[in-house]
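Structural description and commentary
Listed below, chain by chain, are the residues.
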Amino acid sequence: MDSNMSIMSYASSDTQKVLPKTSRSGILYASDFKHLDKIQKSQTQQDVLPRINNARLLLLCPQGGVTFNDSKQCLGTGGPDFGGQLVYLKSLAPSLRDTGFAAVDIVTRSFEGHMASGQAFPQEFKQKIEVSESDPNLRVVRLPCGGNQFLPKESLWPHLREWTNNIDQFYRQEMQEHYLSGEQGNHYKEYTPIVTAHYADAGLAAYLLQRNEGYPFATMTAHSLGAQKKATFESNGQDTSQYKFKIRLPAEKRSARSAGALICNSKAEKELQWHASEYKDAVDDAKLHVVPPGISNAFGQKKNEFNLRKCDTTERKQASDALQQGLALLKSERQGLPTILMCGRFDRKKGYKEALQAFAQSPELKAKANIVFLFANAPAILKEPHVYLKGRAAAYAHEVKQLIEQEQLQDYLVIPDLPQINQTHLSEIYRALSKDCQSIYCHAAYTEPFGLAILEALSEGMLVAATDNGGAVSILEDGRYGELMDVSNAKSIESSLLKILNMPQEDKQKRQAAGEIKSSDYRWAKTGHDYAQLIDKQLSSL
């Protein structure tokens, strides 16, 4: 292989190179350490090839920003790369350990630097190894590439080869050290890593590790697919050059060809999104498996059913106080009205402007409800967007600010002041707003690969109106558990919100109860079990 071959040519090559069936089909076998004469030559590949109970599983995600310390996660404040995918990985990893893997590592990129607000990224993000307090065999491993400063995911493509070289070097060295220590017995088996990839960049990295070093590439989870996102942006007249689709789409094709299985978050991803014309001839239908994510234990737990940790109690009080203080600022005639909740991060594809515009144009909505706008550090951001955010996020927050001012929505808005927002904060906000079935969670994203936030809201009793594009359709079952809306159509948004607001109280209560039951079907234990079954199947065929 030409060492000068570009990342682009790796991604777009149409020739699937099959690894030779030698001891390199798993990366760290006895043949790789011939100088260690204590390994018997009679040890066969079959003896060393792990199944899940003696395998180290790697969850690849080069974007960085993941930590076991919830208070340092930077959700919503670090930028568009600090969102739901990181929550997914942190929740999936322990559930996979529970299925029997010897060890699970979230492998990501190390970096340092500052957020747009000037606040430094947490020290954890440059720490090489972070071990979970609850499990010594659950780690975040951070390895460098492309320098030591934060890079957005669109800028990572040229550095993936460096990153995968560092991954290979790290695990080879670690395996050798454990073997030479003499303390691990036959545990060198668990240092034969199995790879799962998360997002297109990780998929290309997994392909490089498989092709160059023989790591088994068990599963690929796209989280979102470039073809659908590209089509959505282009239909809205947006410039897509910044998203690097010319690299991302070939990388997704390469991942689809190379992975043993493709994990789909929803039926829509399996039946529609992976069958877009851009992926023609790259996807084997037999590889596609629907494995929905779960919801965190922070959600859907009634206070009398579990003991709150001390920090949970503190965080719940923070969230409750911030919400109540915001509600208290409403004019007296607007206090006590139902609320429409929008939350997440400032990102154009989330559809906040469209939902706010629909509200502003509807006298009935303005008469019957207030809006709760829940974003980390939202009061400061909406005052000075370019001070606290960068690039596209800052520009979009500025547009939202202008819309609020132009439509004079200040008297209808509640903006809780929370510098950081984690899942416990969200759970408490949902729980407080869902009392008496008086509030709606408005999920107005243009596309939604799955809809984990929708399930979290349902689990705490929120009534839901959500986009009709993507996984929300499956979750809400075409309106059984919530209303679907066309985010590009203000009348559709208005109609969905009013339908819920105008429902008889008894019907609201029935829907709330049904939603809570529906969400209970989605737990991380099941997600981890389904992943493990697919990975074990891939390993058994090697």
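Residues numbered from 1 in each chain as written. Predicted model: local features only at pLDDT ≥ 70, side-chain atom pairs only at ≥ 80, totals over all residues. Heavy atoms only, no water.

**Re the environment of A514**
- Checked against the element boundaries, A514 lands in helix α19 (residues 505–519).
- The class of A514 is partly exposed, set by a relative accessible area of 25%.
- Separated by 34 residues in the primary sequence, A514 and R480 have C-alpha atoms spaced 8.8 Å apart. (Helix = DSSP H or I, 4+ residues; strand = E, 2+ residues; numbered from the N terminus. Buried < 20%, exposed > 50% of the residue type's maximum accessible area, 1.4 Å probe, protein only.)

**Notes on the packing of helix α16 (residues 452–459) against α19**
- Orientation of α16 relative to α19, taken along the N-to-C sense of each, is 125 degrees, at an axis distance of 7 Å. Judged on the interaxial angle alone, α19 and α16 are oblique. α19 is crossed by α16, and the crossing has left-handed handedness. Here L455, L458 and S459 of α16 lie close against α19, whose contacting residues are G515, E516 and S519.
- Of the residues assigned to the contact of α16 with α19, the class counts are two nonpolar, three polar and one charged. (Axes fitted to C-alpha atoms, helices over the stretch in contact; angles between N-to-C directions. Parallel < 35°, antiparallel > 145°, perpendicular 65-115°, else oblique. Left-handed = near helix turned anticlockwise from the far one by under 90°. Contact = heavy atoms within 4.5 Å. Nonpolar A, V, L, I, M, F, W, Y, C, P; charged D, E, K, R; others polar.)

**With respect to the sheet that holds strand β4 (residues 135–143)**
- With mixed pairing, eight strands are arranged side by side in an open sheet as β3-β4-β2-β1-β5-β6-β7-β8. Looking along the sheet, the strands with just one partner apiece sit at the ends: β3 (129–132) and β8 (288–290). For this sheet, the mean angle separating the axes of adjacent strands, direction not counted, is 25 degrees.
- Strand direction decides the pairing type here: β3 and β4, joined by four bridges, are antiparallel. In the sheet register, E130 faces β4, and the bridge partner there is V140.
- Packing of helix α5 (residues 200–213) onto the sheet brings it into contact with β1 (56–60), β5 (193–198) and β6 (217–221), and relative to β5 it is tilted by some 155 degrees. (Pairing = 2+ DSSP bridges.)

**So, the pattern of salt bridges**
- In the structure shown here, the tally under the stated rule is 29 salt bridges.
- Between R480 and E477 there is a salt bridge, with the nearest N and O atoms lying 3.3 Å from each other.
- Residue classification places E477 among the partly exposed positions, given a relative accessible area of 34%.
- Linking K510 and E506 is a salt bridge whose minimum nitrogen-to-oxygen distance equals 3.6 Å. Taken as a pair, K510 and E506 lie in helix α19 at a separation of four residues, close to a single helical turn.
- Residue K510 is classed as exposed on the basis of its relative accessible area, which comes to 52%.
- Salt bridges sharing common partners tie together R56, D105, R139 and E174. (Salt bridge = Lys/Arg side-chain N within 4 Å of Asp/Glu carboxyl O.)

**Brief notes about the pairing of β5**
- The buried fraction of β5 amounts to six of the six residues, a majority that puts the element mostly inside the structure.
- Burial of the side chains of β5 extends over both faces: P193, V195 and A197 are buried on one face and I194, T196 and H198 on the other.
- Bridge count for β1 against β5 is five bridges, and the pairing is parallel. Directly across from L58, in β5, lies its bridge partner V195.
- By the bridge criterion, four bridges tie β5 to β6 in an arrangement that is parallel. Within β6, the residue paired with H198 across the bridge is T221.
- For the crossover that starts at β5, traverses α5 and ends in the parallel β6, the hand is right-handed. (Right-handed = clockwise from strand over helix to strand, strands pointing away.)

**Regarding helix α7 (residues 245–258)**
- With 14 residues, α7 extends 19 Å between its outermost C-alpha atoms, agreeing within 8% with the 20 Å of an ideal straight helix rising 1.5 Å per residue.
- A large share of α7 lies buried, amounting to 10 of its 14 residues.
- Among all positions in α7, only F245, R248, L249, P250, A251, E252, R254, S255, A256 and S258 are buried. (Expected span 1.5 Å × (residues − 1).)

**Thoughts on unusual backbone geometry**
- The phi dihedral of N377 is positive, around 60 degrees, even though this residue is not glycine.
- Relative to the assigned elements, N377 resides in the loop between β10 (370–375) and α12 (378–383).
- Non-glycine residue C437 carries a positive phi angle of around 55 degrees.
- For C437, the position within the fold is in the loop between α15 (423–433) and β12 (439–443).
- For C437, a relative accessible area of 5% translates into the label buried.

**Here's the deal with the environment of T164**
- Within the element layout of this structure, T164 appears in helix α4 (residues 160–181).
- Non-local contacts of T164, meaning those with residues more than four positions away in its chain, are made with A205, L208 and L209.

**Focus: the nonpolar core**
- Ranked by size, the top nonpolar core spans 67 residues in total, and within it L59, F101, L341, Y430, Y441, I454 and I535 carry the most contacts.
- Not counting chain neighbours up to four residues away, the residues in contact with I535 comprise I52, L57, F101, I194, T196, A218 and T219.
- Core analysis: the second largest hydrophobic core is formed by 43 residues, V107, L160, A222 and L249 among them. (Core = buried A, V, L, I, M, F, W, Y, C linked by side-chain atoms within 4.5 Å.)

**Description of the sheet that holds strand β13 (residues 463–467)**
- The six strands lie next to each other as β11-β10-β9-β12-β13-β14, forming an open sheet whose pairing is parallel. Looking at which strands have only one partner, the edges of the open sheet turn out to be β11 (413–414) and β14 (483–485).
- Across two bridges, β10 lies against β11 in parallel orientation. Along β11, the bridge assignment pairs V372 with V414.
- The strands touched by helix α10 (residues 352–360) within the sheet are β9 (339–344), β10, β11 and β12, with β9 carrying the most contacts at an inclination of about 165 degrees.

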